[in-house]
Amino acid sequence: PALTDADPMVRREALEALGKTIRKEDLDVLVAFQPTDSLAEEGLAWGIYRLGVRGLLDSVLIQKTLLLLTESGSMQARLGAAHTL
């Protein structure tokens with residue numbers, strides 16, 4: 001439910017928290033997530049980074065990371081994507 005919260009900061013924090021806690025079999029939540037603002041892009045980038053630290057990245061999430069790195073207008077999202085790679 002936090003991913004659909006009205007507060008963009010709540011969505012951002014929930015995305016990063018998922019990267020810290022989600023199980024490999026539940027990765028489709030992050031794979032399917034489409035950010036609609038810069039805070040969501042930032043949260044997704046740092047969530048994917050946290051997955052990488054835990055050794056749970058797959059090729060689809062790496063593709064999302066590349067898109068965030070090249071297409072995001074958020075400096076923090078690009079920074080998170082760069083750290084992931």
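Use the structure listed above.
Residues numbered from 1 in each chain as written. Predicted model: local features only at pLDDT ≥ 70, side-chain atom pairs only at ≥ 80, totals over all residues. Heavy atoms only, no water.

Caption draft 1: Seen up close, the nonpolar core. By size, the foremost hydrophobic cluster in this structure holds 15 residues, and its most contacted members are L15, L30, L44, L51, L61 and L68. Counting only elements with at least two residues in this core, the list comes to helix 3 (38-53), helix 4 (59-71) and helix 5 (75-84). Setting aside anything within four residues of it in sequence, one finds L15 in contact with L3, L30, F33, A40, G43, L44 and G47. (Core = buried A, V, L, I, M, F, W, Y, C linked by side-chain atoms within 4.5 Å. Buried < 20%, exposed > 50% of the residue type's maximum accessible area, 1.4 Å probe, protein only. Helix = DSSP H or I, 4+ residues; strand = E, 2+ residues; numbered from the N terminus. Contact = heavy atoms within 4.5 Å.)

Caption draft 2: Molecular detail of the packing of aromatic side chains. Overall, the coordinates contain one aromatic pair when judged by the stated rule. Ring geometry for W46 versus Y49: centroids 5.3 Å apart, planes at 80°, classification edge-to-face. A residue pair is termed a helical-turn pair when its members lie 3 or 4 positions apart in one helix, as W46 and Y49 do in helix 3 at three residues. Using a relative accessible area of 13% as the deciding quantity, one classes W46 as buried. (Phe/Tyr/Trp six-rings, centres within 6.5 Å; stacked < 30°, edge-to-face > 60°.)

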